[in-house]
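Residue strings, one per chain:
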Protein chains: 4
Amino acid sequence: MLRIGIFGATGYTGLELVRLLQNHRQARLVFAHSESNPGAKLSDIIPCLYDVPLIKADDAPLADVDVVFSCLPHAASAELAARVLAAGKKVVDLSADFRLTNAAVYEKTYKHVHPHPELLTRAVYGLPERYRERIAQTDLVANPGCYPTSTILPALPLLEAGALAEPVLIADSKSGVSGAGRKPSTTTHFVEVNEGLTPYNVANVHRHVPEIDQVLNDIDNGRTPGGVNVIFTPHLLPISRGMLTTLYVRLTPEARQTDWQSVFEKRYANEPFVRVLPRGQTASIAHVARTNMAAISLHPLGGAVADRLLLVCAIDNLTKGASGQALQNMNLMFGLDEREGLR
Amino acid sequence: MLRIGIFGATGYTGLELVRLLQNHRQARLVFAHSESNPGAKLSDIIPCLYDVPLIKADDAPLADVDVVFSCLPHAASAELAARVLAAGKKVVDLSADFRLTNAAVYEKTYKHVHPHPELLTRAVYGLPERYRERIAQTDLVANPGCYPTSTILPALPLLEAGALAEPVLIADSKSGVSGAGRKPSTTTHFVEVNEGLTPYNVANVHRHVPEIDQVLNDIDNGRTPGGVNVIFTPHLLPISRGMLTTLYVRLTPEARQTDWQSVFEKRYANEPFVRVLPRGQTASIAHVARTNMAAISLHPLGGAVADRLLLVCAIDNLTKGASGQALQNMNLMFGLDEREGLR
Amino acid sequence: MLRIGIFGATGYTGLELVRLLQNHRQARLVFAHSESNPGAKLSDIIPCLYDVPLIKADDAPLADVDVVFSCLPHAASAELAARVLAAGKKVVDLSADFRLTNAAVYEKTYKHVHPHPELLTRAVYGLPERYRERIAQTDLVANPGCYPTSTILPALPLLEAGALAEPVLIADSKSGVSGAGRKPSTTTHFVEVNEGLTPYNVANVHRHVPEIDQVLNDIDNGRTPGGVNVIFTPHLLPISRGMLTTLYVRLTPEARQTDWQSVFEKRYANEPFVRVLPRGQTASIAHVARTNMAAISLHPLGGAVADRLLLVCAIDNLTKGASGQALQNMNLMFGLDEREGLR
Amino acid sequence: MLRIGIFGATGYTGLELVRLLQNHRQARLVFAHSESNPGAKLSDIIPCLYDVPLIKADDAPLADVDVVFSCLPHAASAELAARVLAAGKKVVDLSADFRLTNAAVYEKTYKHVHPHPELLTRAVYGLPERYRERIAQTDLVANPGCYPTSTILPALPLLEAGALAEPVLIADSKSGVSGAGRKPSTTTHFVEVNEGLTPYNVANVHRHVPEIDQVLNDIDNGRTPGGVNVIFTPHLLPISRGMLTTLYVRLTPEARQTDWQSVFEKRYANEPFVRVLPRGQTASIAHVARTNMAAISLHPLGGAVADRLLLVCAIDNLTKGASGQALQNMNLMFGLDEREGLR
């Protein structure tokens, strides 16, 4: 029975982890941390469901757990990870602190010096569909961002095949509000979000752009001269959970001859949490809400734009985009069935 | 051409007033105040619509206006009203500061001493359907709360007729989120509100209860020994605008013989902003959203509960429940067509 | 391993049953019926999740199952139940066909002659909190309606104690749209529902009224002379799932002395799916969405209305209000842990 | 005083026209047609607002009006337009019947032979920002589709300048549900739409693609060898009204030197219903909901993708995308102030 600790348990990703762990038969929650609600129970915040007491960081019994999930903000998360690793325990970090391998890029993106750059090479990017073996062997997983997950999965088979005619992928992404976190702000006020659609961080200024570019290029592995680049446009949807990315790429003349539907079906045939939809179906948030699935559909274009391929990828931003993938990574790190707690 | 000033112009009631004034042919906005955005324009906050510059309170040119709308929080609003009245100008106060006639009840309800109790008797409660003549003669209107408006209008003809068999009215009310104001909080966070329904301030602890009771009793005018009492239960709806109150009363034996549909139709026949729906129709928020109308439907019960009458009243909480009614009151105060700017 | 068949599997209650059965460790789905989609798979309708083939009624292998869930419309459901019972199998009927014990009341309510009145006394009303022992022994469960569930549970301890001062309970109920079924209509059109709140079947004309009255009086058991009556007002909420009932009752002088919070906590202490919230908390749809829990909160009134008690009950209309409770009943009928598949 | 007739008045575009006409000071509604509700009044469908009686098509007094708006389905609309034109009256057609200039393309797109191909050249495409002079002189306006409006307006200044480096524009569009019409279907069922986002008619199979391509090429006027092509992806948003198009184009080397913000501001400086947002702001549906405005923002990219320009355009699909633009066109056809009824 794995013993679990969660830091930052009262945000949306923390709460989702607790929910998922309820159904995990080989793990149990030992402690849940919340700096702002010490002394309270989770059931005070979400009645009906849990009676786990919330503790402060200094009171966390690290010795009693095997693995820690960190849902803390960046910087704070890296500090915690260092402490947990030093105690000989494993860490799944849901913050952005260990996703970027280059400390300078991290500093430029997150506007502060990385507290533990020495750990950057130790961390493994937690996208099982690409890095499963490495995840199984590490004690520090950098859990991917939600936007990167929904952008990388539909691009992966194309990049592995070197199919791009130009080094640009356009990712038009739409996310539910829980992705913005639980802290109140005008941006997340019901009346400001409801009945609207708001593009934000347009023109590649979103913090996930360097993460997406880094992973896409790691997959591309130098096939594309000069490297590939995403044009990434996030939009805030008036829904609580769910994310959909519409991806536009241009194919090389040879790649236009490929039956990509078959390639994708083969590439993801053994992936428990990726479903390539049959020809003619289109991925939609409803298909994957509250599951750890990524649904991908392919839509070849014809006529004057037959050199383009359009793909759609839908995930739940809190599950496959965060806490579900984190649990999948934990299962891999401890040799459990990858699907446990996620069915 | 009436000259208008608005204090607290960037909250939901302030913004709604600005919108409505755009269509008013005999009034123009002279200044809009916002302490937190001085130097900005309204179009910086709501692009596409207005270019009114926002000013600080100290810079407000009171001499240049005929009437001021105050959308400030309580206490601050009374201070402002005193200042404006002293300058010889009229005031429509959208806060709660002048709704309660008793300073002790005010203090108990709002938890601070009333800054200007001497103005309480000068203020007129701005429900035109009951107090039209007095509104026309005052220089200080206490604009009704949204819940009181939707509760009092369907009760009014019953109380005027002394129809209640017991001194209790049950008002089960449901409101859109804009009624909670524009300030971010967990309560108004999109994810917390969306896909839910939350009763709050249950068991008569909402601040509108004393206001409702005071007005109901003023209408009842001593007919009911001991006075009438509301049991008022507000619920937060996952919508931006709109309010619906379901009202349950018990009728005296004589009142059970009355055709209340006809009574209501006659009572409200000349009211431009109350519509008594035909028998068989049920009032709904969709009927009145973004209008200044109150829709009322009557639903007599039969069988073992034939002594009860059920009524439904729907309004838009920002229009008839706040800024629209405020504009209606302003029109009355200056002898204009009551409907101007509200069609 | 229990073998399950579902009739009417592609409506909202049928789909929810399939979802829940995925997590049931002692039952497996043998067939899913859909007259309108024969030959298709469930995964054609809800991609990503299931690959169960859909069959027509005549092809259903009744011999291969132990129990059948009927999600068919009324009348059709009774016909099916008779056929399944004749084959020696058990039935959980989610339609209204076996909820009313009186065939004449059924005919008046549902506007057609009951196809199998001889089965009415055989059926047990599937509210485990009141009829657990009888459910365990029957082969025909009439699964309660969603509105009755959310109205009866908060009234039950009061009626068992004979606490009502007058024979009337006011139930102001609000339901998500899935309760209206999956068949398209103007009533369920997104634009007609969204941003609104619509009372419907007002003045006790909803079909659930006779069901609520029947069960309330069965519980009351003659304590109240002339019997008790609900005044029931349903409202359509702009949400997909969830139901909340606000209940108003008047207490006898003795009952006003009772600590109802303690009574409720004791009455429901051993119920796995009822949670009486601590004093000061208020039941809300968010607490129970996508769970089989009923959350109940009590709100005594004071002052001039101290003879009244206000209660709030929240459930998920598709889970505790339909498919979850149906599964709970199946567990009881077969001697399984009542909670299996519902945690 | 212009006299108006509306055919198809009880759909969403018809109802919106009626609403807008309420505020038009130089026009009045003479008749409203609805084949399915003859004898009823509009106030039976939308209580509180209007008392216009609904008539059948054969009873429409064409002689009593100056202009007819047709909100009928395609094919039926062309038949009606021919009849109205023959009676010497003007027509604003909100269907697709006169938008495509080529009858063969129409037949291929709409799957039936055009009933009146002889009128195709007589019709003027009702996009005032490009065709104002021709609109003022015609008696038959083909009112643009909502998606075309939101795609063409942000592309127009670029095409007029010949700025595209490749003949492809990617338009990722998102629309509220009212665009799908008022007829109930699974697609518009509240539960199916709510909490989701659904791409549909992906891979350029939406009927608006030929319309967009035709108008873009008319504007391009042969500058681009082989013509320009849109890649158009519509998504269904869980909101009632509003539309947002995110447009991605590639610029020629010379065009990369241009200050497009200034070009757009100049191009649209005198347009009453287009607002180019200041640098740094991003167009959003909230800015334009329930107005006739199109908000456009420009977002140049940098680094490795500096050859791309991203634009966002937001409109209300029922106003600028349909009935508002129709009224704007009517104003132009009769020499009225273009803004009348639309402020």
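Predicted model, so just to flag it, every value in this text is computed and none were measured.

Procedures and definitions
- Residues numbered from 1 in each chain as written.
- Chains lettered and ligands numbered in written order.
- Predicted model: local features only at pLDDT ≥ 70, side-chain atom pairs only at ≥ 80, totals over all residues.
- Heavy atoms only, no water.
- Domains from an automatic or database assignment.
- Contact = heavy atoms within 4.5 Å.
- Buried area = accessible area lost by both parts, 1.4 Å probe.
- Salt bridge = Lys/Arg side-chain N within 4 Å of Asp/Glu carboxyl O.
- Polar contact = N/O pair within 3.5 Å; in protein donor to acceptor, adjacent residues only side chain to side chain.
- Least-squares fit on C-alpha atoms with pLDDT ≥ 70 in both.
- Helix = DSSP H or I, 4+ residues; strand = E, 2+ residues; numbered from the N terminus.
- Buried < 20%, exposed > 50% of the residue type's maximum accessible area, 1.4 Å probe, protein only.
- Expected span 1.5 Å × (residues − 1).
- Bend = angle between axes of the 7 residues up to and from the residue.

1. Focus on the domain arrangement of chain A
All names here are of chain A. Partitioning chain A into structural domains gives domain 1 (2-122) and domain 2 (147-317). The interface of domain 1 with domain 2 comprises 13 residues on the first partner and nine residues on the second. Summing both sides of the interface, domain 1 and domain 2 together bury roughly 1,000 Å²; the carbon and sulfur share of this comes to 49%. For the domain 1 face of the interface with domain 2, the top three residues by lost area are Tyr12, Arg99 and Thr109, together amounting to 46%. Linking domain 1 with domain 2 are two salt bridges, by the criterion used here. In this structure, Glu16 engages Arg241 in a salt bridge whose closest nitrogen and oxygen atoms are separated by 3.0 Å. Applying the counting rule to domain 1 against domain 2 returns seven residue pairs in polar contact (both at pLDDT 80 or more).

2. Regarding the relation of the copies chain C and chain A
The two copies are related by a screw motion: chain C maps onto chain A through a turn of 180 degrees and a shift of 0.0 Å along the axis, at an RMSD of 0.0 Å. Such a turn and shift between the copies fits a two-fold axis. In terms of proximity to the rotation axis, the leading residue of chain C is Glu195 of chain C, whose C-alpha is 4.3 Å off the axis.

3. A closer look at the environment of His299 of chain A
By secondary structure assignment, the location of His299 of chain A is in strand β13 (residues 294-300). What makes His299 of chain A buried here is its relative accessible area of 8%. For the pair His299 of chain A and Leu309 of chain A, spaced ten residues apart in the sequence, the C-alpha separation amounts to 6.2 Å. Apart from the residues lying within four places of it in its own chain, the contact partners of His299 of chain A are Gln281, Thr282, Leu309, Leu310 and Val312 of chain A together with Val202 and Ala203 of chain D. A distance of 2.7 Å separates a polar atom in the side chain of His299 of chain A from a polar atom in the side chain of Ser297 of chain A.

4. Some thoughts on the relation of the copies chain D and chain A
The transformation that overlays chain D on chain A combines an axial shift of 0.0 Å with a rotation of 180 degrees, and the residual RMSD is 0.0 Å. When the interface residues of chain D are mapped onto chain A, 100% of them again lie at the interface, so the same face is used by both copies.

5. Quick look at helix α6 (residues 146-160) of chain A
Residue and element names in this part refer to chain A. End to end, α6 covers 21 Å across 15 residues, agreeing with the expected 21 Å (1.5 Å per residue, within 8%). Pro154 marks the point of greatest bend in α6, at about 35 degrees. Most of α6 sits inside the fold, with 14 of its 15 residues counted as buried. Within two residues after α6, Gly162 carries a phi angle of roughly 60 degrees, on the positive side.

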